[in-house]
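Fold and geometry: a report
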Amino acid sequence: ELAHASIMRLNEGSMGKLHDLMNMGIKYQIMSLKLPSQLLDVTCNHMDGIEDLLDGANEACKLVKSARSKVMAAYAPLSNIEWNQIRKVILTYFQDWKVKISTFLKLGIQSNN
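Here goes a summary of the coordinates provided.

Parameters and conventions
Residues numbered from 1 in each chain as written. Predicted model: local features only at pLDDT ≥ 70, side-chain atom pairs only at ≥ 80, totals over all residues. Heavy atoms only, no water. Helix = DSSP H or I, 4+ residues; strand = E, 2+ residues; numbered from the N terminus. Contact = heavy atoms within 4.5 Å. Core = buried A, V, L, I, M, F, W, Y, C linked by side-chain atoms within 4.5 Å. Buried < 20%, exposed > 50% of the residue type's maximum accessible area, 1.4 Å probe, protein only. Axes fitted to C-alpha atoms, helices over the stretch in contact; angles between N-to-C directions. Left-handed = near helix turned anticlockwise from the far one by under 90°. Nonpolar A, V, L, I, M, F, W, Y, C, P; charged D, E, K, R; others polar. Phe/Tyr/Trp six-rings, centres within 6.5 Å; stacked < 30°, edge-to-face > 60°. Salt bridge = Lys/Arg side-chain N within 4 Å of Asp/Glu carboxyl O. Expected span 1.5 Å × (residues − 1). Arc of directions from axis to C-beta.

1. Quick notes on the environment of arginine 87
- Considering the arrangement of structural elements, one finds arginine 87 in helix H5 (residues 80-94).
- Among residues more than four places away in sequence, those in contact with arginine 87 are Ile30, Met31, Leu33, Pro36 and Leu39.

2. Notes on the nonpolar core
- Formed by 13 residues in total, the largest nonpolar core has its most connected members in Leu39 and Leu40.
- When residues of this core are traced back to their parent elements, those giving at least two are helix H2 (12-32), helix H3 (38-54), helix H4 (58-75) and H5.
- Residue contributions to this core peak at 5 residues, all from H3.
- Sequence-distant contacts of leucine 40, defined by excluding residues within four places in its chain, comprise Val71, Met72, Tyr75, Ala76 and Trp83.

3. Concerning the packing of H2 against H5
- Axis separation between H2 and H5 bottoms out at 10 Å; the angle between their running directions is 145 degrees. Crossing hand, H2 versus H5: left-handed. Here Asn23, Ile26, Lys27, Ile30 and Met31 of H2 lie close against H5, whose contacting residues are Arg87, Ile90, Leu91 and Phe94.
- For the contact of H2 with H5, a count of residues per class yields 6 nonpolar, 1 polar and 2 charged.

4. Considerations on the packing of aromatic side chains
- Tallied over the full model, the rule gives 2 aromatic pairs.
- Consider the rings of tyrosine 75 and tryptophan 83, whose centres lie 6.0 Å apart with planes at 45 degrees: the pair is tilted.
- Accessibility expressed as a relative area gives 36% for tyrosine 75, which makes it partly exposed.
- For tryptophan 83, a relative accessible area of 5% puts it in the buried group.

5. Describing the pattern of salt bridges
- The tally for this structure, following the rule as stated, stands at 2 salt bridges.
- Ionic pairing is found between arginine 68 and aspartate 48, a salt bridge with its closest N-O pair at 2.3 Å. Taken together, the positions of arginine 68 in helix H4 and aspartate 48 in helix H3 put the pair 20 residues apart, joining distant regions of the chain.
- A salt bridge links glutamate 51 to lysine 65; its shortest N-O distance comes to 3.8 Å. Of this pair, glutamate 51 sits in helix H3 while lysine 65 sits in helix H4; the two residues are 14 residues apart in sequence, bridging distant segments of the chain.

6. Description of H5
- Spanning 15 residues, H5 covers 21 Å between terminal C-alpha atoms, matching the ideal 21 Å at 1.5 Å per step.
- Listed in full, the buried residues belonging to H5 are Trp83, Arg87 and Phe94. End-on, the buried residues of H5 take up no more than an arc of 35 degrees, which puts them together on one face. Within H5, the exposed residues directed more than 90 degrees away from the buried face are Ile81, Lys88, Val89 and Tyr93.
- In this fold, the buried residues of H5 make contact with H2, H3 and H4.

Set out below in structure tokens:
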């Protein structure tokens, strides 16, 4: 929906590619974590990014801050075992996503096979 709010309009094919790119980026982030509990850091970084995009839009920023505090309250106390289970579920969701991303290929993050 963020792309819909932009001045630039994307056609259905471009929206699909943007969706694939975002999902592969998230998959890469999750696979790169040294500790499963770092999922909370990644989530908070994404929420910070949303706040930055909102650029002080008062009501929307309040909602993001509220969501962030609820995420922290719910997930900060989890054990490493619980975080590992969450990470496993997320990676299971992404296991069939095998979209080639040119930037990942150039950087050697992804292989051609």
